[in-house]
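# Structural characterization, general
The lines below spell out each chain.
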Amino acid sequence: QRLAGRRPAGAAGIMEVAADLGYLQLDPISVVARSHLLVLWSRLGGYDPGELDRLLWRERRLFEYWSHGASIVPTEDYPLHHLLMRRYPSARSAYNRRVRAWLADNQALRRSILRRLRADGPLPGRALEDRSAVGWRSAGWTAGRNVDRMLDVLWTQGRIMVAGRSGQQRLWDLAERWLPDWTPTERLPEREVVRRSAQ
């Protein structure tokens, strides 16, 4: 967990911590500071958050993705996340079956978001038009937030990526344009993903 011992410094230290932990969890709540910043501070001591921004948005050695929750993950671990990308949503749970049905009803919304990002991305979600045929229903805070729901689905599928941030607002772009050329793209079988993730 890197809570004791040598404290690496700079961008190399951030990458060491991210690689050892596997992810830095993102959480919008900020009482003292955002969660991922506190995780790095507790392991690195004083560090420049600008280094993290450089690794995320310029060098792209890290990217935002859904690990066990919203997270920052090393780009070199892309093959571990690609398994979920290519399977989502599966038919394994009632929730995923509901997502699949909603996606089938909202192909026009999906196409319009991808078309708009291809033409004008990166863009915030609020810049995208809601062309849903069937609204997303939920007992929680996502009810009726059709564009946000579709962005989350496309993000989980690896079709789009968080390409930057304006405050808390995510900027979205096509994954094919955002991921660096050196991103590993091997398609690992599930057993190998589990083995590498456990290691």
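Look a little higher up for the structure.
Residue positions are given per chain, counting from 1 as you read along its sequence in written order. Only residues with pLDDT of at least 70 are given local features in this predicted model, and only at 80 or more are side-chain atom pairs given and counted; all residues enter the totals for whole chains, interfaces and linings. Values reported for side chains reflect all heavy atoms of the structure, with hydrogen atoms and water molecules removed beforehand.

Right, let's get into a nonpolar patch on the surface. Nonpolar side chains (Val, Leu, Ile, Met, Phe, Trp, Tyr) are joined into patches within 5 Å and like charges within 9 Å, using only residues with over 30% relative accessible area and no salt bridge. All accessibility values rest on the Shrake-Rupley procedure with a 1.4 Å probe; residue burial counts only the protein chains present in the view. Think of a salt bridge as a Lys or Arg side-chain nitrogen and an Asp or Glu carboxyl oxygen that are within 4 Å of each other. A cluster of nonpolar side chains, contributed by I29, V31, V32 and L38, occupies part of the molecular surface with about 450 Å² of accessible area. Within the element layout of this structure, V32 appears in the loop between strand 1 (24-25) and helix 2 (35-44). Strands here are runs of E lasting at least two residues and helices are runs of H or I lasting at least four, both read from the DSSP assignment and numbered beginning at the N terminus.

So, about the environment of R97. Mapped onto the elements of the fold, R97 is located in helix 5 (residues 94-105). Three exposure classes are used, based on accessible area relative to the maximum for each residue type with a 1.4 Å probe and protein chains only: buried under 20%, partly exposed in between, and exposed over 50%. Of the residues examined, R97 reaches a relative accessible area of 43% and is grouped as partly exposed. In the structure, R97 is positioned 96 residues away from V193 in sequence and 24 Å away in space, judged by C-alpha atoms. Residues in contact with R97, not counting those within four places in the same chain, are S90, A91 and R92. By the convention used here, residues are in contact when the closest approach between their heavy atoms is within 4.5 Å.

Let us look at the pairing of strand 6 (residues 169-174). Both strand 4 (residues 123-124) and strand 6 contribute to a ladder of 2 bridges, which runs antiparallel. Directly across from L123, in strand 6, lies its bridge partner W172. Strands are treated as partners if at least two bridges between them are detected by DSSP. Sheet topology note: the strand 5 (residues 160-166)/strand 6 ladder contains 6 bridges and is antiparallel. In the strand pairing of strand 6, S166 is matched with Q169. Taken together, strand 5 and the strand that follows it, strand 6, pair antiparallel across an intervening segment of 2 residues, in which G167 is found at a positive phi of about 70 degrees.

Evaluation of the coordinates by the stated rule reveals 17 salt bridges. A salt bridge links E59 to R61, with the nearest nitrogen and oxygen atoms 3.6 Å apart. Classification of E59 by relative accessible area gives partly exposed; the value is 29%. On the basis of relative accessible area, R61 is assigned to the partly exposed category, the value being 31%. Note that R92 is salt-bridged to E190, the shortest N-O span being 3.9 Å. Of the two residues, R92 is situated in the loop between helix 4 (78-87) and helix 5 and E190 in helix 9 (residues 190-198); the sequence distance between them amounts to 98 residues. R92 sits in the exposed class, given a relative accessible area of 64%. Look at E190 and you get partly exposed, because its relative accessible area is 34%. Among the charged side chains, a salt-bridge network with shared partners connects E51, R54, E59 and R61.

Read these as geometric descriptors, not functional statements.
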